[in-house]
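Understanding the architecture of this molecule
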Amino acid sequence: MTQPLPRLDVLRRLFDRLHAEDIRYCHWKSNEHLSQSFTGQTDVDVLFDRRAIVPLTRLLGEVGFKRFVVQPGRGYPGIEDYVGFDASTGALTHLHVHYQLTLGEKFLKGHRLPWEERYLSSRVWDSEFEIYVADPHLEVIALLVRAVMKLRLRDSVKETLGSPYITGGMRRELSWLAARVSGDRLLEVARDLVGEPAARLLPELVAGDRPSVRRLRAFGRRIAPSLDEYRLHRTNAAALQMMRRELGVVWWKVRNWYLDAPTRSTRTAPQGGLTVAFLGADGAGKSTVTGAIADWLSREMAVVTTYGGSGKGSASLPRRAMQEVAAVLRRLLKARRVAPTSRSPRTEAAGDPRTSRPTLPRLAWILSLSRERLRRARAARRAKGLGMIVLSDRFPQDQFPGWNDGPRLSRWIDKGPWPVRRAARRERAAFAAVSLSPPDLVVKLHVSPAVAAARKPETPADQVQRGVELLRLLRFPATTRVVDLNAEAPLQDVVLRAKQAVWDAI
């Protein structure tokens, strides 16, 4: 049986401070699934008294919440986004700070209901979660009004074809609220908010299994003042803005799919972006930890992943083609190979690729890798400049040529044939582009040579030993924070410590 998720301590501390400082608030919608909100599975929607904005902003920072902003044109008036980190579980929680009730259609939220004071003055105490929540009578009225605002022509067509409009979470919320309201009290509250004609329809809408589109439209027509009085945009402008936003979301998803980015959110930090590099010897778990951090962050903020190494998985099409050709040639040579002798020409000619003059195929491979690094460095720099979190699995360095993602051709910049010198200078230019934006945070994942060799037995022992040693010797600018983690610990512990380091740096 699956164990229930623990409630987040960061939310408990937030609400305790709100009570201690007597800041008026109420959790104004989706109170049916507060348990999911308190465990970080869904967002937390809280309406605050706008007069408390200064002490509230201070309090949120002291509790550990950080403010994020959406892309221009994607936000809504009267709503701010804060993200909190729960240190004990490593979970993130997304807090929507509402100062006014901006709601309505998906991709628009084109109405503002002036009911804020009614929510705050009629709020009720939830003893299970020890917070103030909306009066269920008010909440069910707002739920049905929101349902009317979101209605579109296609919803009538879909219902005619057998697909009900009220389904899933909205249906569960309506049933949950129906069990907590009384007809007389509902009519009393509704008369002041939507007028007598609309109020009379509410008991039937709430009591039924789920109201049809036709009944919801009838309720919407009777609302007084008309919902048109609460519109924030003219009809044509609203339609255009909603279309732009919807197309923007589609484009964002297509772009992320093409870039193989894990981004599910467009929110960025107002103080700017961040580059985090995960380094370690072979077998330290760099890719695993990078992937875990990307999955963790991308639900709440804009994340881009990049790769600083030369592995096959990240290779561009030209380099991948070269690798495939090389693999075929190696198999053919292995099939024809004669047992070498001490005087074998192949053995005498072979040398360390880090010091011997590179062959033309190797030059082509290094040039292709340099172009990739240059492209990645520019893309990462742009993403960081736009406020995104850039997560890099490995990071190029030029302190130890030939090792740990360092340059291969440094010794050939001023000597050797012209093609070799030119390739060496191209490689140097790529590393110079990388150095323009050093990482803000480096997470070093340390393992012993024995553990690294056990995890990656295909890697030569001397290479493993050297990689472990050089990782400790790598140095970064004073602006880069370096965090050392013991990657031999259980993976969940390593990931939790990495989350803490990344959150502190944001």
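Everything below is about the structure printed above this text.
So, here is what we can say about the structure in this document.

1. Section: the pattern of salt bridges
Inspection of every chain in the model, using the stated rule, returns 26 salt bridges. One salt bridge connects R58 with E62, and the closest N-O pair in it is separated by 3.3 Å. Of this pair, R58 and E62 both sit in helix α3 (residues 53-63), separated by 4 residues, roughly a single helical turn. The residue R425 makes a salt bridge to D414 at a minimum N-O spacing of 3.8 Å. One end of the pair, R425, is in helix α16 (residues 418-435); the other, D414, is in the loop between β12 (389-393) and α16, with 11 residues separating them in the sequence. D414 gets classed as exposed once you look at its relative accessible area, which sits at 67%. Bridged by salt links that share partners, the residues R17, E21, R58 and E62 form one connected network.

2. Re the side chain of K29
By the secondary structure assignment, K29 is in the loop between β1 (25-27) and α2 (34-38). Other than its neighbours up to four places away in sequence, K29 contacts D45, E139 and R146.

3. What about empty space enclosed by the protein?
In the structure shown here, the tally under the stated rule is 1 cavity of 30 Å³ or more. Taken as a whole, the largest cavity encloses approximately 190 Å³ of empty space. Among the elements that make up the lining of the largest cavity, the one with the highest residue count is helix α15 (residues 360-385) (5 residues). Each residue belonging to the lining of the largest cavity can be placed in one class, and the counts come to 7 nonpolar, 5 polar and 3 charged.

4. Digging into unusual backbone geometry
A224 connects to P225 through a cis peptide bond whose omega is 0 degrees. Looking at where P225 falls in the secondary structure, it is placed in the loop between α10 (213-222) and α11 (235-259). At D22, a position not held by glycine, the phi torsion is positive, near 55 degrees. Mapped onto the fold, D22 is located in the loop between α1 (9-20) and β1. According to the relative accessible area criterion, D22 is exposed, its value standing at 64%.

5. Details of a nonpolar patch on the surface
Together, L153, V157 and L161 make up an exposed nonpolar region whose accessible area comes to about 360 Å². Taking the relative accessible area as the measure of exposure, V157 reaches 45% and is therefore partly exposed.

Analysis parameters
- In this convention, every chain numbers its residues from 1, walking through the sequence in written order.
- Only residues with pLDDT of at least 70 get local features here, since the model is predicted, and only at 80 or more are side-chain atom pairs given and counted; chain-wide, interface and lining totals rely on the full set of residues.
- Calculated side-chain values reflect all of the structure's heavy atoms, with hydrogen atoms and water omitted.
- Every case where a carboxyl oxygen of Asp or Glu lies within 4 Å of a side-chain nitrogen of Lys or Arg is listed as a salt bridge.
- The helix count covers DSSP runs of H or I at least four residues long, the strand count covers runs of E at least two residues long, and both are numbered beginning at the N terminus.
- Working definition: with a 1.4 Å probe on protein chains only, accessible area under 20% of the residue-type maximum means buried, over 50% means exposed, and in between means partly exposed.
- Whether two residues touch is decided by their heavy atoms; if any such pair falls within 4.5 Å, the residues are in contact.
- Throughout, the protein atoms alone are placed on a 1 Å grid, and a set of points is a cavity if a 1.4 Å probe fits but cannot get out or a pocket if it is open with protein on both sides within 12 Å along at least five of seven lines; lining residues have an atom within 4 Å of a point.
- Grid points are joined across faces, edges and corners, and a volume is the space filled by probe spheres set on the points.
- Residues are grouped as follows: Ala, Val, Leu, Ile, Met, Phe, Trp, Tyr, Cys and Pro are nonpolar; Asp, Glu, Lys and Arg are charged; every other residue, Gly included, is polar.
- The residues that make up patches have over 30% relative accessible area and no salt bridge, and they are joined within 9 Å when like-charged or within 5 Å when they are Val, Leu, Ile, Met, Phe, Trp or Tyr.
- Calculation of accessible area relied on Shrake-Rupley with a 1.4 Å probe; when residues are assessed, cover is drawn exclusively from the protein chains displayed.

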